[in-house]
Amino acid sequence: MAGRVEGKVAFITGAARGQGRSHAVRLAQEGADIIAIDVCRAIPDVVYPPSTPADLAETASLVLGLGRRIVTAEADVRDSDAVTAAVEDGVRQLGRLDIVVANAGIGNAGNRLHKLGEHVWQDMIDINLTGVWKSVKAAVPHVIAGGRGGSIVLTSSVGGMKAFPHTGHYIAAKHGVVGLMRTFAVELGQHMIRVNSVHPTQVNTPMAMNDATFRLFAPHEEHPGPEHFAPVSQMMHTLPVPWIEPEDVSNAVLFLASDESRYVTGVQLPIDLGALLK
């Protein structure tokens, strides 16, 4: 079925690469115009290379190549004024807002919770939880003003539904995203705005596929790589696959953004290879 979000406008955070870029491209393939933001700079203690302005420009190029419009901005989801300005500029240029995908997030230095540095904790909560709230907060007035209802999709994680060691700050933030999702769903339902969350397992993006992850999962290897990470990651899953691709999450986002899920709200949707069955 082509054109599943034809004529709609989607606001996507963390859109320079990875899942965010994939969501922008997938929704554009199905007819949506895009408002895309990303911080495009390094954040302290994040254990993989940052996104760049060139990455965000590549996302824009991919969307334009599909014949859709896109408005981009370099904005930090911790900065309410910058996020609000980006949304307002996008709506001014594209005319409406129907879909929000609050996807931006980080993975920073891990440790046991009682040994975790306070600044590491605070950056995680500020970006992966408060940043989600600020992104939705900036967008909701425009979706309500449209009077057509809408769909909001929050990116959580398998870690938003179960715990893992050494990532307690991430686990706390992603569990918090579920609380945001449920509350927004209750508060916005009267406007026919649906709110759901997606919960991926490991995804083939820089956040998961990096040296820090490989060392965490294969600490006894001198030079661990994806070939060492894969068997350990696969053990976490029911299906015999080590990780998913960004497009696998994007297909779930598309479903939740489209009218095919018009009566689906308040749902935690795992894309997890059966990790939650373990």
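Right above here is the structure, for reference.
Quick summary incoming for the structure in this document. Computed from a prediction, not measured in an experiment: that's the story for all the values here. (Residues numbered from 1 in each chain as written. Predicted model: local features only at pLDDT ≥ 70, side-chain atom pairs only at ≥ 80, totals over all residues. Heavy atoms only, no water.)

Strand order in the open sheet made by the seven strands is 3-2-1-4-5-6-7, with parallel pairing throughout. Strands with a single pairing partner mark the edges of an open sheet, and in this sheet they are strand 3 (70–74) and strand 7 (268–271). Between one strand and the next, the sheet's axes are offset by a mean angle of 15°, whatever the strand orientation. Pairing geometry for strand 1 (residues 9–13) and strand 4 (residues 99–102), over three bridges, is parallel. Among the inter-strand pairings, alanine 10 is bridged to a residue of strand 4, identified as isoleucine 99. Against the sheet, helix 3 (residues 80–94) contacts strand 1, strand 2 (33–38) and strand 3, and its axis sits at roughly 160° relative to strand 2. (Pairing = 2+ DSSP bridges. Helix = DSSP H or I, 4+ residues; strand = E, 2+ residues; numbered from the N terminus. Axes fitted to C-alpha atoms, helices over the stretch in contact; angles between N-to-C directions. Contact = heavy atoms within 4.5 Å.)

When the terminal C-alpha atoms of helix 1 (residues 18–29) are compared, their 17 Å separation across twelve residues agrees well with the 16 Å that a helix rising 1.5 Å per residue should span. By the criterion of burial, helix 1 is predominantly enclosed, with ten of the twelve residues buried. The set of residues buried in helix 1 consists of Gln19, Gly20, Arg21, Ser22, His23, Ala24, Val25, Arg26, Leu27 and Ala28. Backbone geometry just after helix 1 places glycine 31 at a positive phi near 105°. (Expected span 1.5 Å × (residues − 1). Buried < 20%, exposed > 50% of the residue type's maximum accessible area, 1.4 Å probe, protein only.)

Moving on, we get to the pattern of salt bridges. According to the stated counting rule, one finds twelve salt bridges in the structure shown. Residue aspartate 89 is joined to arginine 92 by a salt bridge in which the shortest nitrogen-to-oxygen separation is 3.2 Å. A residue pair is termed a helical-turn pair when its members lie 3 or 4 positions apart in one helix, as aspartate 89 and arginine 92 do in helix 3 at three residues. Judged by its relative accessible area of 26%, aspartate 89 is partly exposed. Between aspartate 98 and arginine 96 there is a salt bridge, with its nearest N and O atoms 2.8 Å apart. Judged by its relative accessible area of 24%, arginine 96 is partly exposed. Each of Glu6, Asp33, Arg68 and Arg69 takes part in salt bridges that share partners, so that together they form one network. (Salt bridge = Lys/Arg side-chain N within 4 Å of Asp/Glu carboxyl O.)

Right, let's get into the layout of surface pockets. Of the voids in this model, the second largest pocket is the one considered here, and its volume is about 200 Å³. As for the second largest pocket, its lining consists of 13 residues, of which Arg148, Gly149, Gly150, Met192 and Asp259 are closest to the centre. (1 Å grid on protein atoms, 1.4 Å probe; cavity = no way out; pocket = protein on both sides within 12 Å on 5 of 7 lines; lining within 4 Å. Points joined across faces, edges and corners; volume = space filled by probe spheres on them.)

Ranked by internal contacts, the top residues of the largest apolar core, which has 44 residues, are Phe11, Leu97, Ile152, Leu154 and Val195. Secondary-structure elements contributing two or more residues to this core are strand 1, strand 2, helix 3, strand 4, helix 4 (118–146), strand 5 (150–155), helix 5 (168–188) and strand 6 (193–200). Ranked by residue count, the leading element in this core is helix 4, at ten residues. Excluding anything up to four places from it in sequence, phenylalanine 11 contacts Ile35, Ile37, Val83, Val87, Leu97, Ile99, Val100, Val101, Ser135 and Ala139. (Core = buried A, V, L, I, M, F, W, Y, C linked by side-chain atoms within 4.5 Å.)

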